[in-house]
Amino acid sequence: MSATVPHLPPAQAQALAAAYDAATAKSRLRGLGVAVVIGALVLLAGWFAEVRPAALKNIGHFTDYLAKTIPTISAETPRADIVAWYWDLKTWARLLGETLLMAYLGTLLGAVGGFILCFLASANLVRSRTVLFVTRRYLEFCRTVPDIVFALIFVFAFGLGPIPGVLAIAIHTTGALGKLFAEVVENIDMKPVEGLAASGASWMQRVRFGVVPQVLSNFASYGLLRFEINVRGAGVLGFVGAGGIGQEFLTAIRNFYYTDVSAMLLMIIATVIIIDLATEHVRHRLLFGGQHP
Amino acid sequence: MTSHTTSVLDPRPVLAADMEGLRARHPDAFRTNGRGRLKAAAFVGAILAMAVFALWALDFNPQRMWAGLSRLGLFFSLLFPPDAHGRLPAFAQALGETLAIAFLGTLTAAVVAFPFAFLAAKNVIPNIFVHFSLRRVFDVSRSVDTLIWALMWINVVGLGPFAGALAIACADFGAFGKLFSEAIEATDRKASEGVTASGGSALHRVRFALVPQVLPVIASQVLYFFESNTRSATIIGIVGAGGIGAYLTELIRTLEMQQVSVIILMILATVAAIDFVSSRLRFAIIGRKAPTA
């Protein structure tokens, strides 16, 4: 691949360059404008967020911290060292399992809630502005308040443990999935629905036979995506006492049990990555029917 | 699509009278898909069985739920009427801090992830080792929750919003790296081939063939993440990393529910405003229709 492109005579090249400059001048100016606005916002935000780049000189703390979490595994007794590192594997595995179950149940309940509400939030199925408005605002409330805030409140009501965690995930998921589901429903082909309406189907029948078959695979895909997000989220719900591995993890961090932190963190990361890969695989199959796009 | 079920032209009584004839003439329309139904039933059964197991394992019981719900009702009644008790300026300042955290975190993550995404894209660096290892780095970075990153950064830069911004940057770095490199891999090859054919180097190819194609996609993804980060930045104060989360946690723990509802209303309003602005910007960047993926 050593073919060279012949150069244009200077006069012609100059004319071309000038035309290019003229053509891009406007977009360059706009780019500059955007850069100035972003720069100003960065300064403003930096002042608000008390950014002190000098504090980053403590980056040593970060690496020190990471270094301390690395367990000593000698070449002579690697097995025993790993067993000692994961000394409380039973508890951690149980808590991690609890975290997964919380994410599962929360996602399922939330998906059911989102499924029921999404049809009422779709402008192509519901004529009443009031119903649309109320449903949409409710979904917005559910997804804007973070799950950990719901968890904080529910811990008071239901006591410590996984129950407030599950309910918090379920409510937040209802909001997030309800919106996504409604967007899917609003993009469907209306012909089957009109056909059903023409043959006298009730609203429920139109939804059941006209809408649901079109949207189910997309719904399942979004549900799986949400499950993946919720597994990550459920890991930290324990910070406020709402079950799962978070509580144990926070204790380990706060009490500087360095190797426990790394042991649990590795378990969490591995679980999240495995779930990521598995759901991505299933999602691809759902959306593209087994073939890669 | 109003349903005229009681129209004079309602064909259903006539058709219903001749049900047997219909069955005989259109056997296909009345055929039941036995195997498909069995598969669907087994699938739903498995999901429900898992849910029942989760309910049992997570110790859900009706009495506790009932007691919790009644206490929850009490808390909700305490939310009204919203009353800031004169702390509105403090809340507003904390909310500004939250926005600053989200903005700086998202921007930093995007700026840092941008070059790495090119390195991780198969069509830029066709080296499977680089591709694989960078993807795993992205996976680890995004499978650690923002709150956990915040706990780590507090060790380095101390309590405050700066740690929060860094935490969001770390968590989003992985997500952006993955999304950006997927966008780069999905680009049209023709532009790159054109640049190569007219004698451009690898860097020219990136600058003139890839960047113009991916920039709108990337910009819209960054805006979308900014929206969702304003939500997650509201809770980062739970571990002491700045923003309104600190007030929210403290007020929920002391059951100052009237102030809690003021904060929630403020968050709702802010997030709605950000959503509005950023979705307008996203539409403007990417064209009329929002991507559904």
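Residues numbered from 1 in each chain as written. Chains lettered and ligands numbered in written order. Predicted model: local features only at pLDDT ≥ 70, side-chain atom pairs only at ≥ 80, totals over all residues. Heavy atoms only, no water.

Caption draft 1: View of the overall build of chain A. What chain A contains, in helices and strands, is 11 helices and 0 strands. Starting at the N terminus and ending at the C terminus, chain A contains elements arranged as α-α-α-α-α-α-α-α-α-α-α. Since a compact globule built from 293 residues should have a radius of gyration of about 19 Å, the 27 Å found for chain A marks it as more spread out than a globular shape. Expressed along its principal axes, the backbone C-alpha trace of chain A runs to roughly 75 × 70 × 45 Å. Residue burial in chain A is summarised as follows: out of 293 residues, 46% are buried. When the accessible area of chain A is evaluated, it comes to approximately 15600 Å², of which 68% is carbon and sulfur surface. Seen as two clouds, the 23 positive and the 18 negative side-chain charges of chain A have centres 10 Å apart. (Helix = DSSP H or I, 4+ residues; strand = E, 2+ residues; numbered from the N terminus. Rg over C-alpha atoms; globule rule 2.2 N^0.38 Å. Buried < 20%, exposed > 50% of the residue type's maximum accessible area, 1.4 Å probe, protein only. Areas by Shrake-Rupley, 256 points an atom, 1.4 Å probe, with all protein chains shown as cover. Lys, Arg positive; Asp, Glu negative; His and termini not counted. Charge placed at Lys NZ, Arg CZ, Asp CG, Glu CD.)

Caption draft 2: Just the UniProt feature "transmembrane region" (unreviewed entry) in chain A, in detail. All names here are of chain A. In the numbering adopted here, UniProt assigns the feature "transmembrane region" (unreviewed entry) to residues 31-49, 101-126, 147-171 and 256-278. Counting secondary structure, residues 101-126 comes out at 69% helix and 0% strand; the distance between its end C-alpha atoms is 35 Å. From the first C-alpha to the last, residues 256-278 spans 34 Å; its make-up is 91% helix and 0% strand. (UniProt positions renumbered as here; feature names shortened; annotations may be inferred.)

Caption draft 3: Region of interest: the packing of aromatic side chains. Residue and element names in this part refer to chain A. Going through the model one piece at a time under the given rule, you end up with 21 aromatic pairs over all chains. A centroid spacing of 6.5 Å and a plane angle of 40° characterise the contact between Phe119 and Phe219, whose relative ring orientation is tilted. Highlighted residues: Phe119 in the loop between helix H4 (89-118) and helix H5 (129-144) and Phe219 in helix H9 (residues 203-237), separated in sequence by 100 residues. On the basis of relative accessible area, Phe219 is assigned to the buried category, the value being 4%. Where Phe154 meets Phe158, the ring centres are 6.0 Å apart and the plane angle is 90°; that geometry is what we call edge-to-face. Of this pair, Phe154 and Phe158 both sit in helix H6 (residues 147-158), 4 residues apart, which is roughly one turn of that helix. The exposure class of Phe154 is buried, given its relative accessible area of 4%. Residue Phe158 is classed as buried on the basis of its relative accessible area, which comes to 3%. In textbook terms, an aromatic cluster arises when at least three aromatic residues are bridged by ring pairs, as seen for Trp85, Tyr86, Trp87 and Trp92. (Phe/Tyr/Trp six-rings, centres within 6.5 Å; stacked < 30°, edge-to-face > 60°.)

Caption draft 4: Molecular detail of H5(A). A rise of 1.5 Å per residue sets the reference length of H5(A), with its 16 residues, at 22 Å; its end C-alpha atoms lie 22 Å apart and thus fit the reference within 8%. Those residues of H5(A) lying buried are A:Leu132, A:Thr135, A:Leu139, A:Glu140, A:Cys142, A:Arg143 and A:Thr144. (Expected span 1.5 Å × (residues − 1).)

Caption draft 5: Region of interest: the UniProt feature "transmembrane region" (unreviewed entry) in chain B. All names here are of chain B. The UniProt feature table records "transmembrane region" (unreviewed entry) at residues 40-58, 101-125, 146-169, 208-226, 233-252 and 258-278. As a span, residues 101-125 carries 80% helix and 0% strand, and end to end its C-alpha atoms are 33 Å apart. Summarising residues 208-226: 100% helix, 0% strand, and an end-to-end C-alpha distance of 27 Å.

Caption draft 6: Focus on unusual backbone geometry. In this structure, A:Phe256 takes a positive phi of about 55° despite not being glycine. Tracing the sequence through the fold places A:Phe256 in the loop between helix H10 (246-254) and helix H11 (258-288). Accessibility expressed as a relative area gives 47% for A:Phe256, which makes it partly exposed. Look at B:Asp59: it is not a glycine, yet its phi comes out positive at around 70°. Structurally, B:Asp59 can be placed in the loop between helix H4 (34-57) and helix H5 (62-78). A relative accessible area of 46% means that B:Asp59 is categorised as partly exposed.

Caption draft 7: Quick look at the domain arrangement of chain B. Its domain assignment divides chain B into domain 1 (28-78) and domain 2 (88-286). One C-alpha centre belongs to domain 1 of chain B, the other to domain 2 of chain B, and the line joining them spans 35 Å. (Domains from an automatic or database assignment.)

Caption draft 8: Structural view of the UniProt feature "domain: ABC transmembrane type-1" (unreviewed entry) in chain A. The positions that UniProt labels "domain: ABC transmembrane type-1" (unreviewed entry) are, in the present scheme, residues 96-279 of chain A. As annotated, residues 96-279 of chain A has a helix share of 82% and a strand share of 0%, and its two end C-alpha atoms lie 18 Å apart.

Caption draft 9: Representation of the nonpolar core in the model. Of all hydrophobic cores here, the largest spans 111 residues; its most connected members are A:Phe239, B:Trp149 and B:Trp153. Counting residues domain by domain, this core receives three or more from each of domain 1 (28-78) and domain 2 (88-286) of chain B. Ignoring sequence-local partners within four residues, the contact set of B:Trp149 consists of A:Phe62, B:Ser141, B:Val144, B:Ala167, B:Cys170 and B:Ala171. The next biggest cluster of nonpolar side chains, apart from the first, holds 24 residues, and it includes B:Leu134, B:Phe176, B:Ala183 and B:Val214. (Core = buried A, V, L, I, M, F, W, Y, C linked by side-chain atoms within 4.5 Å. Contact = heavy atoms within 4.5 Å.)

Caption draft 10: Spotlight on the pattern of salt bridges. Across all of its chains, the model carries 17 salt bridges over all chains by this definition. Between B:Asp139 and B:Arg136 there is a salt bridge; the shortest N-O distance is 3.0 Å. Separated by 3 residues within a single helix, B:Asp139 and B:Arg136 lie in helix H7 (residues 128-143), roughly one turn from each other. Under the relative-accessibility criterion, B:Arg136 is labelled partly exposed at 31%. The salt bridge partner of B:Glu182 is B:Lys178, with a shortest N-O separation of 3.6 Å. In this pair, B:Glu182 and B:Lys178 both sit in helix H9 (residues 161-185), 4 residues apart, roughly one turn of the helix. With a relative accessible area of 17%, B:Lys178 lands in the buried category. Each member of the salt-bridge network shares a partner with another, and the members are A:Glu228, A:Arg232, A:Asp276, B:Arg136, B:Asp139 and B:Arg142. (Salt bridge = Lys/Arg side-chain N within 4 Å of Asp/Glu carboxyl O.)

Caption draft 11: Spotlight on the interface of chain A and chain B. Listed per partner, the contact involves 72 residues of chain A and 70 residues of chain B. Summing the contributions of chain A and of chain B, the shared interface buries around 6500 Å²; its carbon and sulfur component is 74%. On the surface where chain A and chain B come into contact, there are 2 salt bridges. For B:Lys178, the salt bridge identified is with A:Glu280, shortest N-O distance 3.3 Å. (Buried area = accessible area lost by both parts, 1.4 Å probe.)

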